[in-house]
Amino acid sequence: MTIWDFRVMLNREPDADEYNQLVEAGMDDCALVGGSQPYFMCDRESDSLLEAVASVLIQIREVRGLWAVSVAHDDAVTLGDAARRHGGRTQASLRQLASGQRGPGGFPEPLIEADNVSVYSWAEISEWLRTKMGDDIPRGNRDIALADAAVKLACRARAMHQEPLVRRLVEVA
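Definitions and cut-offs
Residues numbered from 1 in each chain as written. Predicted model: local features only at pLDDT ≥ 70, side-chain atom pairs only at ≥ 80, totals over all residues. Heavy atoms only, no water. Pairing = 2+ DSSP bridges. Helix = DSSP H or I, 4+ residues; strand = E, 2+ residues; numbered from the N terminus. Salt bridge = Lys/Arg side-chain N within 4 Å of Asp/Glu carboxyl O. Buried < 20%, exposed > 50% of the residue type's maximum accessible area, 1.4 Å probe, protein only. Disulfide = S-S within 2.5 Å. Axes fitted to C-alpha atoms, helices over the stretch in contact; angles between N-to-C directions. Parallel < 35°, antiparallel > 145°, perpendicular 65-115°, else oblique. Left-handed = near helix turned anticlockwise from the far one by under 90°. Contact = heavy atoms within 4.5 Å. Nonpolar A, V, L, I, M, F, W, Y, C, P; charged D, E, K, R; others polar. Core = buried A, V, L, I, M, F, W, Y, C linked by side-chain atoms within 4.5 Å.

Student: Is there a simple way to think about the sheet that holds strand E5 (residues 76-77) in this case?
Tutor: Within a sheet, neighbouring strands are paired by backbone hydrogen bonds and run either parallel or antiparallel to one another. Reading across from one edge, E5-E7-E6 is the order of the three strands in this open sheet, with antiparallel pairing throughout. The open sheet terminates on both sides in strands that have one partner only, identified here as E5 and strand E6 (112-114).

So, in structure tokens, the structure goes:
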């Protein structure tokens, strides 16, 4: 088994009794960080990251009125951020790869484009650079981005009172 590190942001900060309930439920491997955006910093042992996140989400839902609003993954990057994480490529090099001016093509598409800023997935960029360009960089974990997307979808479905229908859509998609 592997110990997975991740953050789970909450809709609100649990009070002392709720926190104790969560610890008793098994969240003693997560530290609560309070403030305007409370979150749990977790070190959960599991066979997979998705299983680790799911187990924490289940425990959080044991407290009435408490739920996760996102899973932090530090995956979103600009090309400048990606160059700094890479350490061996410049922003200009990545821009040329992204535009197709250099390299084999097929650079990952931006997740978001707005106001002349493109935001990419570091997991996708690092995988592409490793497999297509032969760069020696560590793998990013795509599962944390998937977990975050699932949590955000659940929050939207809850806010719109469409949980059963969205659950059904996910099953048939």
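Student: Got a minute to help me understand the environment of Phe40 in this structure?
Tutor: Here Phe40 shows up in strand E3 (residues 39-46). In sequence terms Phe40 and Ile60 are 20 residues apart; their C-alpha atoms lie 9.8 Å from each other.

Student: I keep staring at the pairing of strand E2 (residues 30-33) and nothing clicks. Help me out?
Tutor: On a regular strand, each side chain points to the face opposite its neighbour's, so the side chains alternate between the two faces of the sheet. Sheet topology note: the E2/E3 ladder contains four bridges and is antiparallel. Residue Leu32 lies in a different strand from E3, and its bridge partner there is Phe40. Hairpin connection from E2 to E3: five residues lie between these consecutive antiparallel strands, with Gly35 at a positive phi of about 120°.

Student: Honestly, the pattern of salt bridges in this entry has me stumped. Any pointers?
Tutor: Applying the stated rule across the entire model yields seven salt bridges. Arg130 is the salt-bridge partner of Glu127, the closest N and O atoms lying 2.6 Å from each other. Of the two residues, Glu127 and Arg130 both sit in helix H5 (residues 122-133), three residues apart, roughly one turn of that helix. Two residues, Lys152 and Asp148, come together in a salt bridge whose shortest N-O distance is 3.0 Å. Highlighted residues: Lys152 and Asp148, both in helix H6 (residues 142-159), separated by four residues, approximately one helical turn. Classification of Lys152 by relative accessible area gives partly exposed; the value is 36%. Using a relative accessible area of 6% as the deciding quantity, one classes Asp148 as buried.

Student: Would you explain the state of the cysteines in this entry?
Tutor: Here a disulfide denotes one covalent bond, and it connects the sulfur atoms of two cysteines. Here the structure, examined in full by the defined rule, presents one disulfide. Paired by a disulfide, Cys30 and Cys42 hold their sulfur atoms 2.4 Å apart. For the disulfide bridge between Cys30 and Cys42, the dihedral angle about the S-S bond is near 115°, and by the sign convention the bridge is right-handed. Here Cys30 is found in strand E2, whereas its partner Cys42 is found in strand E3, with twelve residues between them in sequence. When its relative accessible area of 5% is taken as the criterion, Cys30 is described as buried. In this structure Cys155 is a free cysteine whose sulfur lies 16 Å from that of Cys42, the closest cysteine sulfur available.

Student: Just checking my understanding: could you explain the packing of helix H3 (residues 79-86) against helix H4 (residues 91-99) for this structure?
Tutor: Think of two packed helices as two axes; the pair is described by the angle between the axes and how far apart they sit. Direction vectors running N to C along H3 and H4 enclose 120°, while the axes themselves pass 8 Å from each other. If you check the angle between H3 and H4, you find them oblique. In terms of crossing hand, the pair formed by H3 and H4 is right-handed. Residues Leu79, Gly80, Ala82 and Ala83 of H3 form the contact with H4, whose participating residues are Gln91, Leu94, Arg95 and Ala98. Here the contact of H3 with H4 is composed, by residue class, of five nonpolar, two polar and one charged.

Student: I would appreciate a short explanation of unusual backbone geometry in the present structure.
Tutor: Working note: non-glycine residues mostly have negative phi, and peptide bonds are mostly trans. Phi at Asp115 is positive, roughly 50°, even though this residue is not glycine. The class for Asp115 is exposed, based on a relative accessible area of 75%.

Student: Got a minute to help me understand the nonpolar core in this structure?
Tutor: As a rule of thumb, soluble globular proteins bury nonpolar side chains together. Counting 22 residues, the largest nonpolar core has Phe6, Met27, Phe40, Val53, Val56 and Ile60 as the members making the most contacts within it. Those elements that place two or more of their residues in this core are strand E1 (2-10), E3, helix H2 (49-60), strand E4 (68-72) and H6. By residue number, the principal contributor to this core is H2, which donates five residues. In this structure Phe40 touches Phe6, Arg7, Val8, Leu10, Tyr19, Leu22, Met27, Cys30, Ala31, Leu32 and Ile60, once residues within four positions along its chain are discounted.

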